[in-house]
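This is what each chain is made of:
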Amino acid sequence: MYKKIDVNPDYPKIQSEILALWKKNDIKKKVYKLNDKSGKLFSFYEGPPTANGKPHAGHVLTRSLKDVYTRFAGMNGYYVPRKGGWDTHGLPVEISVEESLKISGKQDIERYGVEKFIQACKENVWLYIDKWKEFSEMVGYSLDLDEDCYNPYDNNYIESVWWSLDRLNKKGYLYKGYKILPSCPSCQTALSSHEVAQGYKDRTDLTVTAKFFCKELDAYVLAWTTTPWTLFSNVALCVNPKEIYSVIRDKKGDKYLLARELVSKHFGDGFETVAEYSGSDITGKSYTPLFDYYKGNAGYLNKNNAAAWGNAFKIVNADFVTLTDGTGVVHIAPAYGEDDYNVGKTFGLPVAQLADGRGLFGPECGDYAGKYIFDENQSIVSDLQRDGKMFSKAKHVHSYPHCWRCKTPLIYFARDAWFVKTTAYKDDLIRVNDEIN
């Protein structure tokens, strides 16, 4: 006699009954006892959740997959410790606390009090821990959340990280250097390439084609930029050494230099060609900077380096310069772009950093001091127009990276930071990776 199958089972009821059965018979501990410590170790480290956010459907999938592998290993005689843990660090926690306190950014945190803020973060990180425990039980996840759970703000955990850094330092793998990194002015932290990829969105910016006078060519060199605020930190103009550049005279009698292929784009047929040069021919020619805020000898990596400033305000060259947009001439501000920084190293240029990590102009910048860079593009372009240093301006829609946490536009910024010299032991890394199944 076949039992009639219920085609409309009450799944929540079934789930509750199974959970009650497991709890009554202490199934979880009995499963753990099957893990004989004398067996071969199956190492398992869970990517821990942050308990200041609620679990969602995606966590059912990831926790089920983790559970399948650890159970399978245990059933095959392996010793499988399943210690759980919590992620108690990271900006998501800080941002959540900032929102609850109605503050924003490093300066607000310091005014509120760093110790008070840290304590608020420690409390916030456990906001939904009970829901996480309940969720883990409901999906039948074999994880020990009762004893010795780890969390990164525990002093023992922190000291283990310092121990690791100490080992790297003693082996000569730790060094302080400089790198152009995408940074958030609000969070005041650098972002990884994966984080940057999460935050791109279209943005309309005011672009400008500026006029840099070159006495040796008796012409204005035209350079286009989507970030007028970086012009304060300009120290060079860059051309492609293999392209041909024309000096042309327009209908008003003014002379300009730009890539030959782009002359018609900017002047139509209203010009005459005065001279032509390759990019390498004009390398080394000097020009007059647009702004004189650099006169305070503002610099970042090589402040007060007379030799570097002696190389400034000249035409340099690099292969990355294309004729896709603009004029075929790129303005160089080594503090605010990786290509710019590399060109600066090649030609020994100063790294003038007239805006800081908060996106605020420095004290050298006159009326702009303390102002937010993205708010001042229009004013900067107006100043150029007033002083006869602007050739043209336009609004430009482009995909621009924003902080995925707080939605603030990022800046590419020369930061001093500590780095691990992984290239020193890359062969060992590759060898060990090849042994991993």
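Structure: see above.
Everything numeric here is computed off the predicted structure, so don't read it as measured data.

### Section: unusual backbone geometry
What is expected of a backbone is that most residues other than glycine have negative phi and most peptide bonds are trans.
Thought 1: Notably, D218 is not glycine yet its phi reads approximately 50°, a positive angle.
Thought 2: Classification of D218 as partly exposed rests on a relative accessible area of 41%.
Thought 3: We note that K407 has phi near 70°; this positive angle belongs to a residue other than glycine.
Thought 4: Structurally, the position occupied by K407 is in the loop between β11 (390–401) and β12 (411–420).

### A look at the sheet that holds β11
Thought 1: If you walk across this open sheet you meet the six strands as β8-β6-β7-β4-β3-β11, and the pairing is mixed. Strand pairing shows two members of the sheet lacking a second neighbour, β8 (271–278) and β11, which therefore form its edges. Pairwise comparison of adjacent strand axes, ignoring direction, gives a mean angle of 30° for this sheet.
Thought 2: Pairing between strand β3 (residues 200–214) and β11: eleven bridges, direction antiparallel. The partner of K201 across the bridge, within β11, is Y400.
Thought 3: Contacting β3 and β11, helix α14 (residues 377–386) crosses the sheet at an angle of about 160° to β11.

### Some points on the pairing of strand β6 (residues 244–250)
Thought 1: Where burial is concerned, most of β6 is hidden: five out of the seven residues are buried.
Thought 2: For β6 and β8, the ladder comprises seven bridges, and the chain directions are antiparallel. Along β8, the bridge assignment pairs I244 with S278.
Thought 3: The sheet contact formed by β6 and strand β7 (residues 255–259) spans five bridges and is antiparallel. Bridged to S246 within β7 is L258.
Thought 4: In sequence, β6 turns back onto β7 through a hairpin of four residues, with G253 there showing a positive phi of about 95°.

Rules and cut-offs
- Residues numbered from 1 in each chain as written.
- Predicted model: local features only at pLDDT ≥ 70, side-chain atom pairs only at ≥ 80, totals over all residues.
- Heavy atoms only, no water.
- Buried < 20%, exposed > 50% of the residue type's maximum accessible area, 1.4 Å probe, protein only.
- Helix = DSSP H or I, 4+ residues; strand = E, 2+ residues; numbered from the N terminus.
- Pairing = 2+ DSSP bridges.
- Axes fitted to C-alpha atoms, helices over the stretch in contact; angles between N-to-C directions.
- Contact = heavy atoms within 4.5 Å.

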